[in-house]
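Chain by chain, the residues run as shown.
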Amino acid sequence: MGLTYNTYLNSDVIYGCKSCKAHLANAHDIISRNFRGQHGKAYLFNTVVNVEMGDPSERNMTTGRHVVRDIQCRQCKDVVGWKYDRAYESSEKYKEGKFILEAELLCKVT
């Protein structure tokens, strides 16, 4: 297995891992700020970087049943959110392939 390099984002507002400050997402990729996670406020992102995904699992969530994967920071291994693999409700299909990052686990990187 080769070396893994972090991706560094170039933007006015970059969200990073609260523990190690690794870049995770660009503020321009936020789809919605109207989400809740285990730690409170959460954001739905189109794309994220520098994360590793866990195994898929079915979870009953507030908006119905979904197949999701926990995502963790590639650098420090802290769980920072999850990825939606599948939504069973047709009204929730827009989440498929998108990422949730929990605000409490993030920092703004300058």
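Residues numbered from 1 in each chain as written. Predicted model: local features only at pLDDT ≥ 70, side-chain atom pairs only at ≥ 80, totals over all residues. Heavy atoms only, no water.

As annotated in an unreviewed UniProt entry, the chain carries the name Protein yippee-like and comes from Podospora comata. Entered under Sequence similarities (unreviewed entry) in the UniProt record, the comment concerning the chain runs "Belongs to the yippee family." (UniProt positions renumbered as here; feature names shortened; annotations may be inferred.)

Caption draft 1: A look at the packing of aromatic side chains. Scanning all chains against the criterion turns up four aromatic pairs. Taken together, a centroid distance of 5.9 Å and an interplanar angle of 75° make the contact between Tyr15 and Phe45 edge-to-face. One end of the pair, Tyr15, is in strand E1 (residues 14-17); the other, Phe45, is in strand E4 (residues 40-45), with 30 residues separating them in the sequence. Of the two residues, Tyr15 and Phe45, both sit in the buried class. Each ring, one from Trp82 and one from Tyr84, has its centre 6.2 Å from the other, and the planes form 80°; the classification is edge-to-face. A residue is classified by how much of its surface remains accessible, and Trp82, at 8% relative accessible area, is buried. Judged by its relative accessible area of 3%, Tyr84 falls in the buried class. Through pairs of rings, three or more aromatic residues link up here, namely Tyr15, Tyr43 and Phe45. (Phe/Tyr/Trp six-rings, centres within 6.5 Å; stacked < 30°, edge-to-face > 60°. Helix = DSSP H or I, 4+ residues; strand = E, 2+ residues; numbered from the N terminus. Buried < 20%, exposed > 50% of the residue type's maximum accessible area, 1.4 Å probe, protein only.)

Caption draft 2: Focus on the nonpolar core. With 17 residues, the main nonpolar core has Tyr15, Leu24, Phe45, Val48, Ile71, Val80 and Leu101 as its most contacted residues. Contributions of two or more residues to this core are made by E1, strand E2 (23-26), E4, strand E7 (64-73) and strand E9 (99-102). In this structure, Val48 is in contact with Leu24, Ala25, Ile71, Phe99 and Leu101, ignoring residues within four places of it in sequence. Ranked by size, the runner-up nonpolar core spans seven residues in total, among them Ala42, Trp82, Tyr84 and Ile100. (Core = buried A, V, L, I, M, F, W, Y, C linked by side-chain atoms within 4.5 Å. Contact = heavy atoms within 4.5 Å.)

Caption draft 3: Main features of the layout of surface pockets. Its volume calculated, the largest pocket comes out at about 230 Å³. Forming the boundary of the largest pocket are Ser32, Asn34, Phe35, Arg36, Met61, Thr62, Thr63, Trp82, Tyr84, Tyr94 and Lys95. When contributions to the lining of the largest pocket are tallied by element, the ones reaching two or more residues are strand E3 (30-37) and strand E8 (79-87). Ranked by residue count, the leading element in the lining of the largest pocket is E3, at four residues. Looking at the lining of the largest pocket residue by residue, the class counts come to five nonpolar, four polar and two charged. (1 Å grid on protein atoms, 1.4 Å probe; cavity = no way out; pocket = protein on both sides within 12 Å on 5 of 7 lines; lining within 4 Å. Points joined across faces, edges and corners; volume = space filled by probe spheres on them. Nonpolar A, V, L, I, M, F, W, Y, C, P; charged D, E, K, R; others polar.)

Caption draft 4: Fine view of the pattern of salt bridges. Applying the stated criterion across every chain yields a total of seven salt bridges. Taking the shortest distance from any N to any O, the salt bridge between Glu104 and Lys18 comes out at 3.2 Å. Remark: Lys18 occurs in the loop between E1 and E2 and Glu104 occurs in the loop between E9 and strand E10 (106-109); sequence separation between them is 86 residues. We classify Glu104 as partly exposed; its relative accessible area is 44%. Judged by relative accessible area, which is 42%, Lys18 ranks as partly exposed. When the shortest N-O distance is used, the salt bridge between Arg59 and Asp70 registers 2.9 Å. Remark: Asp70 occurs in strand E7 and Arg59 occurs in strand E6 (residues 57-61); sequence separation between them is eleven residues. (Salt bridge = Lys/Arg side-chain N within 4 Å of Asp/Glu carboxyl O.)

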